[in-house]
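# Chains, contacts and geometry: an overview
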Amino acid sequence: MAQADIGLIGLAVMGENLVLNMESRGYTVAVFNRTTAKVDELIQGRGKGKKLVGTHSLKELVGALKSPRKIMMMVKAGPAVDDLIDQLVPFLDKGDILIDGGNSFFPDSIRRTKALEAKGFRFLGVGVSGGEEGALKGPSIMPGGSTSAWPELKPIFQAIAAKVGPNNDIPCCEWVGSDGAGHYVKMIHNGIEYGDMQLICEAYFMMKVLLKMSAPEIGEVFAEWYKGPLNSYLIEITRDILGKKDPETGKPIVDIILDRAGQKGTGKWTSQNAMDLGVPIPTMMEAVVARSLSAMKDERVAASTRLPAPEMNFNIDKAKFLPAIHDALYASKIMSYAQGFQLLRAAATAYNWDLNYGQIALLWRGGCIIRAQFLEDIKKAYDADPKLANLILAPYFTDVIGKSQANWRLAVAEASKNGIAIPAFSSALSYYDQYRSASLPANLLQAQRDYFGAHTYERVDKPGVFHTEWLQA
Ligand code: 2AM
């Protein structure tokens, strides 16, 4: 009876593909879905002849598993996960492991780990990235939760994860940390993904509006950039998107897609958490803001005929300005990742996680949406100095920024002069200029705070806390 290596609940596309991925690596998987017709569909369809055990109740699923039982839940994040845990618990034995592979908010994973451990069970909150295709062929997997459960799942998760490295044998799956660390790292991945996408969109927009290039021409530029240090999955799909025609009109398909973006909220979570921890991540936040502004399409259309624009005055030739956009994209991307890793560092302290930053870069090296060559450089930087105060201080990145900054400033200045909004590029530059400044205008800020609220200030010439009676003559 108890023959399956692992059970999986929730046979939507991600869950089903993970099941097939595990099976293809030699594991027997027991499956269950609330709507049980889906179980039969899988067993008789894509799973026909495979080592799957179809079950029609949670009790039957639990009974089909080897001990200690491993049950992965791939259901809608939120109350559904808690409901399912409550329904499963009566059938479990001490030491059994529940795994949440959905897009859960990390505080929920912290809470669930504690609650299940208190009852003698184990819990893993696992970030899985890579979409449907990744789930089937090799996702990036970010596991956190009950530390003792990791060795039990390590062989399975590392077998199904994406592989990188010269011999394609380094799995994009390694232990992240206790309780909510896995889902936290997944959240940061998504925040970085927001930043990357917005930066690419701004590069595209400058080419489109300032250089007046067509979509296919811009696609060719991305094809070139793909061969260099910007090599990444997102640059690759951008290249392909820009070359694609709409079958109905024959026009480039991007030109007929409405510029109103949606969001599911993971970028917002990252931004809110950064605010909670007091860590500046302006580039990712601007990416969230840009989506919200894009969504105000009707207001923007109305305002576009009423609000004055600057006189367009752009006359830099393409051969000079394309490298400027490239370098602006590269430098801004470095800032965005630097901000993301600063947030990870603060989270490690705030939530008591022992995070390995180089390892995290490697988790994202393959399988997921932000996969990129560039993450290899981040890994090397943290390997060389695990205590790096900020990624931009790693000699490799400092050097890149030094070589890019003239072009970066040119791109930001020209866009700004001509009224082209590039919030991620310019916020990244502002971050850089603030971070590298020994002095900022916060002396005046402190004086203002002391003036109206007696908040006190420190002095540059002696230690202590001071207050001025501002209204006294
Ligand atoms: P369903 O097919 O019965 O709707 C993604 O929505 C997956 O999560 C689906 O497999 C869905 O099952 C499952 N799901 C959503 N809410 C659930 C719940 N409250 N309990 C169990 N499974 C749920």
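All of the points below concern the structure found in this document.

Calculation criteria
- Each chain carries its own residue numbering, running from 1 in the written order of its sequence.
- This being a predicted model, a pLDDT of at least 70 is required before a residue's local features are given, and a value of 80 or more before pairs of side-chain atoms are given or counted; all residues contribute to the totals for chains, interfaces and linings.
- Calculated side-chain values reflect all of the structure's heavy atoms, with hydrogen atoms and water omitted.
- We count a stretch as a helix when DSSP gives it H or I for four or more residues in a row; a strand needs E for two or more, and each element gets its number in order from the N terminus.
- In this setup the radius of gyration rests on C-alpha atoms only. A globule is expected at 2.2 Å times the number of residues raised to 0.38.
- The criterion used for residue contact is that any of the two residues' heavy atoms lie within 4.5 Å.
- The protein chains shown are the only cover counted for residues, whose accessible areas, like all others here, come from Shrake-Rupley with a 1.4 Å probe.
- Axes here refer to lines fitted to C-alpha atoms; in helices the fit is confined to the stretch in contact. Angles between the N-to-C directions go from 0 to 180 degrees.
- Left-handed describes a crossing in which the near helix is turned anticlockwise from the far one by less than a right angle; the clockwise case is right-handed.
- Residue polarity follows a fixed list, in which Ala, Val, Leu, Ile, Met, Phe, Trp, Tyr, Cys and Pro are nonpolar, Asp, Glu, Lys and Arg are charged, and the others, Gly among them, are polar.
- We define a nonpolar core as any set of buried Ala, Val, Leu, Ile, Met, Phe, Trp, Tyr and Cys residues linked to one another through side-chain atoms lying within 4.5 Å.
- A 1.4 Å probe rolled over the protein chains alone gives each residue an accessible area, and that area as a share of the maximum for its type sets the label: buried under 20%, exposed over 50%, partly exposed in between.
- We define proximity as follows: a residue is near a molecule or strand when any one of its heavy atoms falls within 4 Å of that partner.
- Counted as a polar contact is a pair of N or O atoms within 3.5 Å, where, for protein atoms, one must be capable of donating a hydrogen and the other of accepting one, and residues adjacent in sequence contribute only when both atoms are in side chains.
- Here the rule is simple: two strands pair whenever DSSP picks up at least two bridges between them.
- Looking down the strands as they point away from you, a crossover is right-handed if its path from the first strand over the helix to the second goes clockwise.
- For classification, angles of less than 35 degrees are called roughly parallel, those exceeding 145 degrees roughly antiparallel, those between 65 and 115 degrees roughly perpendicular, and all remaining angles oblique.
- Helices are assigned an expected span. That span is 1.5 Å times one less than the residue count.
- Patch members must show over 30% relative accessible area and no salt bridge, and they are joined within 9 Å when carrying like charges or within 5 Å when they are nonpolar side chains of Val, Leu, Ile, Met, Phe, Trp or Tyr.
- Whenever Lys or Arg places a side-chain nitrogen within 4 Å of a carboxyl oxygen from Asp or Glu, that contact is recorded as a salt bridge.

### Structural notes on the overall build of the protein chain
For the protein chain, the helix and strand inventory stands at 19 helices and 10 strands. Rg of the C-alpha trace for the protein chain: 25 Å, near the compact-globule value of 23 Å for 473 residues, within the 12% margin. For the C-alpha atoms alone, the extent of the protein chain along its principal axes is close to 80 × 65 × 45 Å. Of the contacts made within the protein chain by residues no fewer than 6 positions apart, 68% connect residues no fewer than 24 positions apart. When the accessible area of the protein chain is evaluated, it comes to approximately 22,300 Å², of which 55% is carbon and sulfur surface.

### A word on the packing of helix 11 (residues 266-277) against helix 14 (residues 318-351)
A packed helix pair is summarised by two numbers, namely the angle formed by the two axes and the spacing between the axes. Interhelical geometry of helix 11 versus helix 14 gives an angle of 60 degrees and a closest axis separation of 10 Å. Crossing of helix 11 against helix 14: the hand is left-handed. The residues of helix 14 that touch helix 11, namely those facing T270, N273, A274 and L277, are L343, A346, A347, A350 and Y351. The residue inventory of the contact of helix 11 with helix 14, partitioned by class, reads 7 nonpolar, 2 polar and no charged.

### Observations concerning the nonpolar core
Ranked by size, the top nonpolar core spans 88 residues in total, and within it M207, F321 and W364 carry the most contacts. For this core, the element with the highest residue contribution is helix 14, accounting for 17 residues. Filtering out sequence-adjacent residues up to four positions away, M207 remains in contact with K212, M213, I218, V221, F222, W225, L322 and I325. Listed in part, the 32 residues of the second largest apolar core include I6, L20, M74 and I99.

### Quick look at the site of the ligand
Around the ligand, the neighbouring residues are G10, L11, A12, N33, R34, T35, K38, M74, V75, K76 and A80. One nitrogen or oxygen atom from the side chain of T35 is found 2.5 Å from an oxygen atom belonging to the ligand. Take K38: an N or O atom from its side chain is 2.9 Å from an oxygen atom of the ligand. A total of 480 Å² of accessible area belongs to the ligand in isolation, and the protein chains cover 77% of it. A breakdown of the residues in the shell around the ligand according to their chemical character gives 5 nonpolar, 3 polar and 3 charged.

### Observations concerning the sheet that holds strand 1 (residues 6-9)
Read across the sheet, 8 strands follow the order 3-2-1-4-5-6-7-10 without closing on themselves; strand pairing throughout is mixed. Two strands close off the open sheet at either side, each with one partner strand: strand 3 (52-54) and strand 10 (177-178). Of the pairings in the sheet, the one linking strand 1 to strand 2 (residues 29-32) comprises 4 bridges and is parallel in character. Among the inter-strand pairings, G7 is bridged to a residue of strand 2, identified as A30. Across the sheet, helix 5 (residues 106-118) lies against strand 5 (97-100), strand 6 (122-129) and strand 7 (140-145), angled at about 155 degrees from strand 6, the strand it touches most. Relative to strand 6, helix 8 (residues 181-209) is tilted by about 15 degrees, and along the sheet it contacts strand 5, strand 6, strand 7 and strand 10.

### Some details on the pairing of strand 4 (residues 70-73)
The two faces of strand 4 match: K70 and M72 on one face and I71 and M73 on the other face are all buried. Relative to strand 4, strand 1 runs parallel, the two being bridged by 3 bridges. Of the residues in strand 4, the one forming a bridge with G7 is I71. Across 4 bridges, the pairing between strand 4 and strand 5 is parallel. Counterpart to I71 in the pairing with strand 5 is L98.

### What about the pairing of strand 1?
With burial as the criterion, each face of strand 1 is covered, one bearing I6 and L8 and the other bearing G7 and I9. With helix 1 (residues 13-24) bridging strand 1 and the parallel strand 2, this β-α-β connection has right-handed handedness.

### As for the packing of helix 11 against helix 12 (residues 282-295)
The N-to-C vectors of helix 11 and helix 12 enclose an angle of 135 degrees; their axes lie 9 Å apart at closest approach. With respect to their mutual orientation, helix 11 and helix 12 come out oblique. Seen from above, helix 11 lies across helix 12 with left-handed handedness. On the side of helix 11, the interface is formed by G267, K268, T270, S271, A274 and M275, while helix 12 contributes M284, M285 and V288. Counted by class, the contact of helix 11 with helix 12 contains 5 nonpolar, 3 polar and 1 charged residues.

### So, unusual backbone geometry
Cis geometry marks the peptide bond from S67 to P68; its omega dihedral reads -10 degrees. Inspection of the secondary structure assignment puts P68 in the loop between helix 3 (58-63) and strand 4. Notably, D179 is not glycine yet its phi reads approximately 30 degrees, a positive angle. Relative to the assigned elements, D179 resides in the loop between strand 10 and helix 8. Look at D179 and you get buried, because its relative accessible area is 13%.

### Here's the deal with the environment of P323
As for its position among the elements, P323 is in helix 14. A sequence separation of 135 residues divides P323 from I188, and the C-alpha atoms of the two residues are 29 Å apart. Residues in contact with P323, not counting those within four places in the same chain, are K318 and N407.

### Side note on helix 19 (residues 442-453)
The terminal C-alpha atoms of helix 19, which comprises 12 residues, lie 16 Å apart, in line with the 16 Å expected from a rise of 1.5 Å per residue. Downstream of helix 19 by one or two residues, A454 has phi in the positive range, about 50 degrees.

### Regarding a nonpolar patch on the surface
Together, Y451, F452, W470 and L471 line one region of the surface with nonpolar side chains, adding up to about 520 Å² of accessible area. Checked against the element boundaries, Y451 lands in helix 19.

### So, the environment of L344
The residue L344 is located in helix 14 in this model. With 13 residues separating them in the primary sequence, L344 and Y357 have C-alpha atoms 8.1 Å apart. When neighbours within four sequence positions are excluded, L344 is seen to be in contact with Y184, V185, I188, L355, Y357, I360 and W364.

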